[in-house]
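# An overview of the molecular structure
Below, each chain spelled out in residue letters.
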Amino acid sequence: MYKRQILAGVVIGEHGFNILARDSSFELFGKVGLYYIMFLAGLEMNMEDFKSIRAKAMVLGLLAFIFPLGIGFWTNIHILDYGVVTSVLLASMYASHTLIAYPIVIRYGINRQRAVGIAVGGTAVTDTLTLLVLAVIGGLYKGESSDMFWVWLVLKVIILGSVIMYTFPPIARWFFRRYSDNVVQYIFVMAMVFLGAGLMEVVGMEGILGAFLAGLVLNRLIPHVSPLMNRLEFVGNALFIPYFLIGVGMIIDVRSLFTGGEALKVAIVMTVVATFSKWLAAWATQKIYRMQPNERSMIFGLSNAQAAATLAAVLIGHEIIMENGERLLNDDVLNGTVVMILFTCVISSLVTERSARRFALDENVQSEKEGVKNNNEQILIPVANPDTIEDLINLALVIKDAKQKNGLIALNVINDNNSSEKKELQGKRNLEKAAMIAAAADVPVTMVSRYDLNIASGIIHTIKEYEATDVVIGLHRKANIVDSFFGHLAESLLKGTHREVMIAKFLMPVNTLRRINIAVPPKAEYETGFAKWVEHFCRMGSILGCRVHFFSNERTLMRLQQLVKKKYVGTPTEFSTLDEWDDLLLLTGQVNYDHLLVVISCLLYTSDAADDKA
């Protein structure tokens, strides 16, 4: 799809059939699309996984910068007969790359693969080094060069990067807690992206670096399975990114390659050198870390496309006039660059799509080997209180299996002895609200409305009829001093079913949590639902990027550590001893306002259908 958009730009542009002119709208929306690509790349990264591969990403970034710079400098000097400064700038353009094919990775749902994380992290390293070279060469011809130029440039980038990394998260966390409107949240996120990009441009760097950093720092606050994430991806892939890709195609003048001059020679040399050097960097990274061939193909596919920093460098170099009156980068280099962009983007899209398809097929085969047990997961969500519907749906979204397209059941129970037209209408609205929230995250919901003698009976009957495996409900409000903590509904539900029941009280949005503290009673490992609730909270911690901290006695902690190490090694976890269950109140001293406290209640049954209550 993406290579077709570039080709479409070639056809409809002024150098093709001249159907559309590349006016200011293409420049504006194209720049936003470029920021969008880098922002989504940072937003989609699994930060905990990235910590384990950051050394590999650094190595790839350095190799993807050194190889193109060295090979390119030699070919520019000896084959294209350019000067030293021109050769260095042109070689740095080979080194830079843009994640043009990253939307393909998102479409196949493999953005958490190790090779993808390495390629994205390497992009940040390579583009940063390339932009530093561009800033220095630009400063040489703008009279800004001095003995302290390098020092001030690096200091400004480090200081500004630190400002973005340490001030954006608390601001965003405060905003998400205060404002829940979907449109307002989207506007806020885009403002943060543009602010990060603009600040980087102020210090002389390209805005793509600031957009990427904004994606990294907002990563934990925007879960991958959330309405806001779905809106961000949809708007970017439907509007801004196509604008950018089509605009790139409109720059290309294919006829100039055949009208004499060095344009064709320059284009061939640039394309071959850029492609070969990127493949060489991917191959070297694969051999160093003994990775699979398909991982090498994925790294090469993502790191081969030239667009963002390459365009910035060639346009800036084309505008610089040297002392002899010639341009630092002449028209041949300009035309050769856009041709290189075309071919590298096409190659990148083809290679990435082929590798992504292989990864997706391998994941499907692995899922089939693991069995069909997880495919039957059905989470039931009673929606009696309209104020808690959004929180309940968001909680269900972060604990459900992301590979399963459905699995949510919204239930409205109408008391048969106390029904009215007003209550029926309110129940219908609650179901529609639940369906809309889940649909915004691209998750379909089964809506169920039923009459029953009481609410608890209606929930129990629905669990049996729809084979629900889990129930998520809100904690009731105590009506009087003699009312129990859980309330009559929850107590009746716990007695009448042997399913995992999550009873939640929401003090803040789920996506703003920073830690999950779980108190586990002794002998919880003997409960049949033990593995299930561990899976749910580890999945929640992985999606939200927050640490899961288990508290229990040594015997239970040992079983928890074994299970987490075997199946959920990617989830950040901690384990602390809680010797006496009666000391549970002492645990509250370690729970801050932005932590989630989970108390596991285990009831041991002889029936195989017994499960945990969380």
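Residues numbered from 1 in each chain as written. Predicted model: local features only at pLDDT ≥ 70, side-chain atom pairs only at ≥ 80, totals over all residues. Heavy atoms only, no water.

### As for the overall build of the protein chain
Put simply, the rule is: Secondary structure elements follow DSSP: runs of H or I of four or more residues count as helices, runs of E of two or more count as strands, with numbering from the N terminus. Partly exposed residues are those whose accessible area sits between 20% and 50% of the maximum for their type, while under 20% is buried and over 50% is exposed, using a 1.4 Å probe and protein chains only. The accessible surface values rely on the Shrake-Rupley method and a 1.4 Å probe; as for residues, cover is taken only from the protein chains in view.
A tally of helices and strands in the protein chain yields 21 helices and nine strands. Relative to its 614 residues, the protein chain shows a buried fraction of 54%. For the protein chain, the accessible area works out to roughly 28,200 Å², and carbon and sulfur atoms hold 58% of it.

### A few points about the pattern of salt bridges
Selection criterion: When a carboxyl oxygen of Asp or Glu lies within 4 Å of a side-chain nitrogen of Lys or Arg, that pair is called a salt bridge.
According to the stated counting rule, one finds 12 salt bridges in the structure shown. For arginine 539, the salt bridge identified is with glutamate 535, shortest N-O distance 2.4 Å. Separated by four residues within a single helix, arginine 539 and glutamate 535 lie in helix 19 (residues 530-544), roughly one turn from each other. The closest approach of N and O atoms between arginine 547 and glutamate 574, which form a salt bridge, is 3.7 Å. Remark: glutamate 574 occurs in strand 8 (residues 573-577) and arginine 547 occurs in strand 7 (residues 547-552); sequence separation between them is 27 residues. Take glutamate 574: its relative accessible area is 29%, and that puts it in the partly exposed class.

### Structural notes on the sheet that holds strand 9 (residues 595-599)
How we decide: Strands qualify as paired when DSSP identifies two bridges or more between them. Lines fitted to the C-alpha atoms define the axes, with helices restricted to the stretch that makes contact. Angles between their N-to-C directions range from 0 to 180 degrees. Only heavy atoms enter the contact rule, under which two residues are in contact if any of them lie within 4.5 Å.
Pairing is parallel across the open sheet formed by four strands, whose spatial order is 8-7-6-9. Every interior strand has two partners, whereas the edge strands, strand 8 and strand 9, have only one. Strand-to-strand twist of the sheet, defined as the mean angle between neighbouring strand axes without regard to direction, takes the value 20°. By the bridge criterion, five bridges tie strand 6 (residues 515-519) to strand 9 in an arrangement that is parallel. Considered in strand 9, the bridge of asparagine 517 is made with leucine 597. Along the sheet face, helix 19 touches strand 6, strand 7 and strand 9 and points at about 165° away from the line of strand 6. Relative to the sheet, helix 20 (residues 554-567) contacts strand 7 and strand 8, its axis offset from that of strand 8 by approximately 170°.

### Quick word on a negative patch on the surface
Spelled out, the test is: Residues enter patches when they are more than 30% accessible in relative terms and free of salt bridges; like-charged ones are connected within 9 Å and nonpolar ones (Val, Leu, Ile, Met, Phe, Trp, Tyr) within 5 Å. A residue counts as positive if it is Lys or Arg and as negative if it is Asp or Glu; His and the chain ends are not included. Throughout, a charge is located at the NZ atom of Lys, the CZ atom of Arg, the CG atom of Asp or the CD atom of Glu.
Taken together, Glu554, Asp579, Glu580, Asp582 and Asp583 make up a surface patch of like negative charges. Looking at where aspartate 582 falls in the secondary structure, it is placed in the loop between strand 8 and helix 21 (584-587). For aspartate 582, a relative accessible area of 71% translates into the label exposed.

### Observations regarding the packing of aromatic side chains
We apply this condition: Any two rings among Phe, Tyr and Trp, with Trp reduced to its six-membered ring, count as a pair given centres within 6.5 Å; such a pair is stacked if its planes are under 30 degrees apart, edge-to-face if over 60, and tilted if neither.
According to the stated counting rule, one finds 14 aromatic pairs in the structure shown. Ring geometry for phenylalanine 175 versus phenylalanine 176: centroids 6.3 Å apart, planes at 75°, classification edge-to-face. Each member of the pair, phenylalanine 175 as well as phenylalanine 176, carries the same accessibility label: buried. With a centroid separation of 5.5 Å and 90° between ring planes, the pair formed by phenylalanine 530 and tryptophan 533 is classed as edge-to-face. Placement of both phenylalanine 530 and tryptophan 533 in helix 19 is noted, with a separation of three residues, approximately one turn of the helix. Summarising the burial analysis for this pair, phenylalanine 530 and tryptophan 533 share the class buried.

### Side note on the confidence of the model for the protein chain
Here is the rule we go by: Values of pLDDT, the confidence the predictor places in each residue, fall between 0 and 100.
Averaged over every residue, the pLDDT of the protein chain is 82; residues scoring 70 or more account for 87%. pLDDT under 50 marks residues 604-611. Its contacts with residues more than four places away, or in other chains, come to 20 contacts.

### Points about the sheet that holds strand 5 (residues 500-504)
Strands sit in the order 3-2-1-4-5 across an open sheet of five strands; the sheet is parallel. The sheet is open, and its two borders are formed by strand 3 (445-452) and strand 5, each paired with just one other strand. Shown here is a sheet whose adjacent strand axes are inclined to one another by a mean of 25°, direction ignored. Helix-sheet contacts for helix 15 (residues 389-399) involve strand 1 (379-382), strand 2 (408-415), strand 4 (470-474) and strand 5, and the interaxial angle to strand 1 is about 170°. Each of strand 2 and strand 3 is contacted by helix 16 (residues 421-440), which is oriented at about 160° to strand 3, the strand it contacts most.

### A look at the nonpolar core
Counted only if it meets this: Buried Ala, Val, Leu, Ile, Met, Phe, Trp, Tyr and Cys residues form a nonpolar core when they are joined through side-chain atoms within 4.5 Å.
Within the largest apolar cluster, 102 residues are counted, with the highest numbers of intra-cluster contacts made by Leu218 and Leu232. For this core, the element with the highest residue contribution is helix 6 (residues 114-141), accounting for 12 residues. Once you skip the residues sitting within four places of it in the chain, leucine 218 turns out to touch Phe39, Leu43, Ala172, Val189 and Met192. Judged by nonpolar contacts, the second largest core, of 50 residues, contains Ile389, Val472, Val510 and Leu560.

### Observations regarding the packing of helix 8 (residues 182-202) against helix 9 (residues 207-217)
This is how it is decided: We call two directions roughly parallel when the angle between them is under 35 degrees, roughly antiparallel when it is over 145, roughly perpendicular when it lies between 65 and 115, and oblique otherwise. Helix crossings are classified by the rotation of the near helix relative to the far one: an anticlockwise turn of less than a right angle makes the crossing left-handed, while a clockwise turn makes it right-handed. Here the nonpolar group is Ala, Val, Leu, Ile, Met, Phe, Trp, Tyr, Cys and Pro; Asp, Glu, Lys and Arg are the charged ones; every other residue, Gly included, is treated as polar.
Contact geometry for helix 8 and helix 9: axes closest at 7 Å, N-to-C directions at 140°. Here helix 8 is positioned oblique relative to helix 9, judged by the angle of their axes. Considering how the two elements wind past one another, helix 8 and helix 9 form a crossing that is right-handed. For the pair helix 8 and helix 9, contact is made by Met192, Val193, Gly196, Ala197, Met200 and Glu201 and by Gly207, Leu209, Gly210, Ala211, Leu213 and Ala214, respectively. Classifying every residue of the contact of helix 8 with helix 9 by side-chain character gives eight nonpolar, three polar and one charged.

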